[in-house]
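Residue-level structure breakdown
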Amino acid sequence: MGDNAMLVTVGVILVFPFVFYFLKSWLFATGTPGSTFHRVRRIAEMDGHLSFDDRLAEKLRELEREKDAAVDVPPPPADGPAPHPSSAPKSFGRRGL
């Protein structure tokens, strides 16, 4: 049993730092549970007075407006200055290799 206890101890010492680092990185990337709770609660309070159908219709209207805004981007003006040709090498790397 002494060998097994030693292996478990060494395994715990080697594995826990990686587990804690992963958890810390995950929580940093996704946000804390508290911030998620407050964000969801704030969203629920903003449209809490609407029925499900009204909330769904409002969300679809928002998505349509975003899609229309993305489509309505005006083209660049034709009378603007012509793009300057670059003298930089077009190949890979800084030296143009």
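Scroll up to find the structure.
The structure contained in this document is the topic of the report that follows. Computed from a predicted structure; not experimentally measured.

With that settled, the discussion passes to the overall build of the protein chain. Counting its regular elements, the protein chain contains three helices and zero strands. What you see in the protein chain, going N to C, is helices and strands ordered as α-α-α. Here the protein chain holds 97 residues, and the buried ones make up 0% of them.

Below, the discussion takes up the pattern of salt bridges. Enumeration according to the criterion identifies three salt bridges in this entry. Among the salt bridges present, the one from E58 reaches R61, with a minimum N-O distance of 2.8 Å. Taken as a pair, E58 and R61 lie in helix α3 (residues 52-71) at a separation of three residues, close to a single helical turn. When its relative accessible area of 26% is taken as the criterion, E58 is described as partly exposed. Here the residues in one salt-bridge network are E58, R61 and R65, joined through shared partners.

Calculation notes
- Residues numbered from 1 in each chain as written.
- Predicted model: local features only at pLDDT ≥ 70, side-chain atom pairs only at ≥ 80, totals over all residues.
- Heavy atoms only, no water.
- Helix = DSSP H or I, 4+ residues; strand = E, 2+ residues; numbered from the N terminus.
- Buried < 20%, exposed > 50% of the residue type's maximum accessible area, 1.4 Å probe, protein only.
- Salt bridge = Lys/Arg side-chain N within 4 Å of Asp/Glu carboxyl O.

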